Every structure is written in C-alpha cells, then in structure tokens.
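# An overview of the molecular structure
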Amino acid sequence: MNILIADDHANVRRGLREILFDAFAGAHFSEAANGEEVLTELIKSRQDVLLLDINMPGRSGMEVLKDVRIIYPFLPVIMVSVQPESQYAARCLLAGAAAYINKNSASEELAPAIRNIMEHGTAIV
C-alpha cells in the first residue's frame, strides 16, 4: 500500500506516518509539504490513499482536492485538519473526499478509516 501524507508541518507528517506504520505493515509512505508537492508525488508514483491537510501554504487542501478529483478521480482522499468536523467535514465530503479526520482523533480513527475505504470504498460502514 502506498500512502501520501500531505501537511505543511513535518512533525504532523511524522506523527501520521507513525500512527499508520504499525497498522499497515509494509506500507510505503511519501510526503508532501504543499499542494505542488502533492501533485508532483502523484505523478511520480501510484498512491493508494492521500491524506491531505486542509490548511497548507499556497493552495489550500480544498483547492488541491479539486485538482486531484479531476486528475485522479478514483484516488481516495482523506482530509485531515485540526478544525472541528462541524466546520469542514460536510464541505470536504461534498468536494469528493472519502473521509474527514480531525487530527486530534487521528490515532483512533485514521487506520480504521483507511481500512474501510480500501475494503468498502467508504470510511463509513
């Protein structure tokens, strides 16, 4: 499994990778710090899932999500943010994200969401 983690903070990328490392043995992790790096990484290698922060420098995660939906329509994208679900979850899902995960609950929710997406095509089962 190839997982691309996109967040402008290196510590957050590292933390998300550590959360997923044990849950997905043998997974390969790529990283991006901004929207341009996301698109470059997607061109360089096939990804099975994209974790995309909403707030990044330059183009926001929401803007990048729009491009990803056009270029890679079947790539599952999980939006991650520190913002409460009530503020962004519905917007992300309507824009084509497979799930919205608050970074504060990522340690409990992220791996199960990825498993459900890979097995059932949705984070909610």
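To be clear, the structure that these remarks concern was listed above.
Rules of the game
Residues numbered from 1 in each chain as written. Predicted model: local features only at pLDDT ≥ 70, side-chain atom pairs only at ≥ 80, totals over all residues. Heavy atoms only, no water. Core = buried A, V, L, I, M, F, W, Y, C linked by side-chain atoms within 4.5 Å. Buried < 20%, exposed > 50% of the residue type's maximum accessible area, 1.4 Å probe, protein only. Helix = DSSP H or I, 4+ residues; strand = E, 2+ residues; numbered from the N terminus. Contact = heavy atoms within 4.5 Å. Axes fitted to C-alpha atoms, helices over the stretch in contact; angles between N-to-C directions. Parallel < 35°, antiparallel > 145°, perpendicular 65-115°, else oblique. Left-handed = near helix turned anticlockwise from the far one by under 90°. Nonpolar A, V, L, I, M, F, W, Y, C, P; charged D, E, K, R; others polar. Polar contact = N/O pair within 3.5 Å; in protein donor to acceptor, adjacent residues only side chain to side chain.

### Structural notes on the nonpolar core
Counting residues in each nonpolar core, the largest one holds 22 residues, and the members touching the most others are V38, L50, L52, V68, M79 and C92. Breaking this core down by element, the ones donating at least two residues are β1 (2–6), α2 (35–44), β3 (49–53), α3 (61–71), β4 (77–81) and α4 (85–94). Counting residues per element, this core draws most heavily on α3, which supplies 4 residues. The residues contacting L52, other than those within four sequence positions of it, are A6, V38, G61, V64, L65, V77, I78, M79 and V80. One finds I3, F29, A106 and L110 within the second-largest nonpolar core, a separate group that totals 19 residues.

### Thoughts on the packing of helix α1 (residues 10–23) against helix α5 (residues 106–120)
The interhelical angle for the contact between α1 and α5, taken along N-to-C directions, is 55°, at an axis separation of 10 Å. Looking at the two axes, α1 sits oblique to α5. The two elements α1 and α5 cross, and the hand of that crossing is right-handed. Along the contact surface, α1 presents L16, I19, L20 and A23, while α5 presents A106, S107, L110, A111, I114 and R115. Tallied by class, the residues present in the contact of α1 with α5 amount to 8 nonpolar, 1 polar and 1 charged.

### Considering the packing of α2 against α3
The contact between α2 and α3 brings their axes to 10 Å, and the two run at 20°. Between α2 and α3, the angle is such that the two are roughly parallel. Seen along the crossing, α2 lies across α3 with a hand that is right-handed. Residues G35, V38, L39 and L42 of α2 pack against V64, D67 and V68 of α3. Here the residues of the contact of α2 with α3 are counted per class, giving 5 nonpolar, 1 polar and 1 charged.

### A short note on the side chain of Q47
Take Q47: it is sitting in the loop between α2 and β3. With a relative accessible area of 8%, Q47 lands in the buried category. Here L4 takes part through its backbone nitrogen, which lies 3.2 Å from a polar atom of the side chain of Q47. Among residues more than four places away in sequence, those in contact with Q47 are N2, I3, L4, S30, E41, L42 and L75.

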